[in-house]
Amino acid sequence: MIRLHEYQAKRVFLSYGISVPTGYVAFSPDDAWKIALEIGPPVVLKAQIHAGGRGLAGGVKIARTADEAKEIASQILGKRMVTAQTGPEGIVVKRLLVEEAVNIDKEIYFSIVVDRRRCKPAIVASPAGGMEIEEIAKLHPEQIITEPIEPIAGIMPYQIRRLCDFLGFNNNREEATHIFTTLYRIFVEKDCRLVETNPLVLCKDGSLIAIDAKMSIDEDALFRQKDMARLWDITQSDPSELEAQKHKLSFVRLNGNIGCMVNGAGLSMATMDLIKLHGGEPANFLDVGGRATPETIAKGFEIILNDPSVRAILINIFGGIVRCDRVAEGIIKAVRQVKVNVPVVIRLAGTNREEAMDILKKAPFKFSVMDDLNEAAKEVVKLAKGV
Ligand code: GDP
Ligand code: MN
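Conventions and cut-offs
Residues numbered from 1 in each chain as written. Chains lettered and ligands numbered in written order. Predicted model: local features only at pLDDT ≥ 70, side-chain atom pairs only at ≥ 80, totals over all residues. Heavy atoms only, no water. Helix = DSSP H or I, 4+ residues; strand = E, 2+ residues; numbered from the N terminus. Expected span 1.5 Å × (residues − 1). Buried < 20%, exposed > 50% of the residue type's maximum accessible area, 1.4 Å probe, protein only. Pairing = 2+ DSSP bridges. Axes fitted to C-alpha atoms, helices over the stretch in contact; angles between N-to-C directions. Contact = heavy atoms within 4.5 Å. Donors = N, O, S within 2.8 Å, 3.2 Å for Na, K, Ca; no water. Domains from an automatic or database assignment. Buried area = accessible area lost by both parts, 1.4 Å probe. Salt bridge = Lys/Arg side-chain N within 4 Å of Asp/Glu carboxyl O. Polar contact = N/O pair within 3.5 Å; in protein donor to acceptor, adjacent residues only side chain to side chain.

1. A few points about helix H6 (residues 173-189)
And step 1. Here H6 spans 24 Å end to end across 17 residues, near enough to the 24 Å set by a 1.5 Å rise per residue.
And step 2. Listed in full, the buried residues belonging to H6 are Ala176, Ile179, Phe180, Thr182, Leu183, Tyr184, Ile186 and Phe187.
And step 3. Phi for Asp191, located one or two positions after H6, is positive at around 55°.

As structure tokens, then:
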């Protein structure tokens, strides 16, 4: 899944005829100053990071003059911003959206998501939008409406009426209808996993304007969403995940301390389940795939070792298409290239297992080689705990 920045999503909204505040992206305090002058203050400065919750974290500020905009920009740009959605390490702010400030009367939450349980898109909306929406969802679920959409039919008129009633739209139903149907069109036409505007603002003059915008695109659709793919700001992604992608490894960082290298998504998940069963926490999901070569194995090993929270590694390979001896070669190649300072448990089964064992025995590093997966999982959990 790839995410767009707010200013990019707003450009898409605008190109479909949805009102957004006039604004431009700034990469430096001087940019911010110029934009503020051009739009005319007061302006809002908004940190462009791939995470929400910026308002509560000081990432959304109002400036009353161009000089103040410059001052605020110099405070935010280049800083690490920690919000409820970034994780404790935060994300460095490299871009700011500078836009006209809007007079807010009412903040509405509106989103379209893929509802996995129902296997169809769903609109989720609330009249109590804004920064406290997560709290509202917990404490006042009756303030949130969910409308599943039948993909073949699209949004039905009765659903729009229900949404308008629920959200309290009366004399601006026509405009609201335009916004709901258009956001759904964007959701479908751009292959989105999420389209969200929080808040969608009802202004003092009765008009509706999207003052925040979020879009995530299904990465499996990028082959036909070239314009969206070009908007992807890779500096916002985990460097290890990018490195893995380059080598066609499927890697997802997790919160634990046991590095896993497995072939096949199913075996990877079974391995992670066993680790958890024995009281451990995986540091990552890494599927080296069926076509793993010694090079990709070495790369995967390197990516895992780059994570400072990894205390032990479990390599679990079933040699089918990829032969065990090739895997062993890859592991040896990796330990020659990078310094391995954590214990490594290896479980190999399948084609050319014996040859692999011979190779590992001659290795310049002592691995714990195990035959049984359950035992291997138990062992790696023990080693990660330093027992
Ligand atoms: P988020 O916290 O990352 O979702 O950032 P938002 O863009 O939603 O901004 C957070 C909050 O800042 C909003 O809920 C508004 O209350 C406020 N805000 C943002 N832009 C404006 C604006 O133009 N005028 C006013 N008055 N408030 C704004
Ligand atoms: Mn928001």
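2. Describing the sheet that holds strand E7 (residues 96-100)
And step 1. Taken in spatial order, the 4 strands line up as E2-E7-E3-E4 in an open sheet, and their pairing is antiparallel. A single partner strand is all that each edge strand has here, and the edge strands are strand E2 (23-26) and strand E4 (60-63). Within this sheet the neighbouring strands show an average axis-to-axis angle of 25°, counted without direction.
And step 2. Pairing geometry for E2 and E7, over 4 bridges, is antiparallel. Looking at the pairing, Tyr24 lines up with Val98 of E7.
And step 3. Across the sheet, helix H1 (residues 6-15) is in contact with E2, strand E3 (43-47) and E7; its angle to E7 comes to roughly 45°.
And step 4. Across the sheet, helix H3 (residues 66-76) touches E3, E4 and E7, and the angle it forms with E4 is around 155°.

3. Some details on the coordination of the manganese ion (ligand 2)
Octahedral six-donor coordination of a metal ideally yields angles of 90 or 180 degrees, compared with 109.5 degrees for tetrahedral four-donor coordination.
And step 1. Within the first shell, the manganese ion (ligand 2) binds the protein through Asn198 (O) and Asp212 (OD), at distances of 2.1 Å. On the criterion of sequence distance, the pair formed by Asn198 in strand E11 (residues 192-203) and Asp212 in the loop between strand E12 (208-210) and strand E13 (214-217) is long-range, its members being 14 residues apart. Like Asp212, Asn198 is buried.

4. A word on the domain arrangement of the protein
And step 1. In terms of domain boundaries, the protein breaks down into domain 1 (1-21 + 103-236), domain 2 (22-101) and domain 3 (238-384).
And step 2. The C-alpha-based centres of domain 1 and domain 2 are spaced at 23 Å.
And step 3. Listed as interface residues are 20 residues of domain 1 and, on the opposing side, 21 residues of domain 2.
And step 4. Both sides of the domain 1 and domain 2 interface together cover about 1600 Å² of buried area, and 45% of this is carbon and sulfur.
And step 5. When the buried area of domain 1 at its contact with domain 2 is split by residue, Tyr7, Pro21 and Gln236 rank highest and sum to 37% of it.
And step 6. The interface formed by domain 1 and domain 2 includes 5 salt bridges.
And step 7. When the shortest N-O distance is used, the salt bridge between Arg54 and Asp212 registers 3.2 Å.
And step 8. Our enumeration of links across domain 1 and domain 2 arrives at 11 residue pairs in polar contact (both at pLDDT 80 or more).
And step 9. The biggest single contributor to the side of domain 1 that touches domain 2 is H1, with 5 residues.

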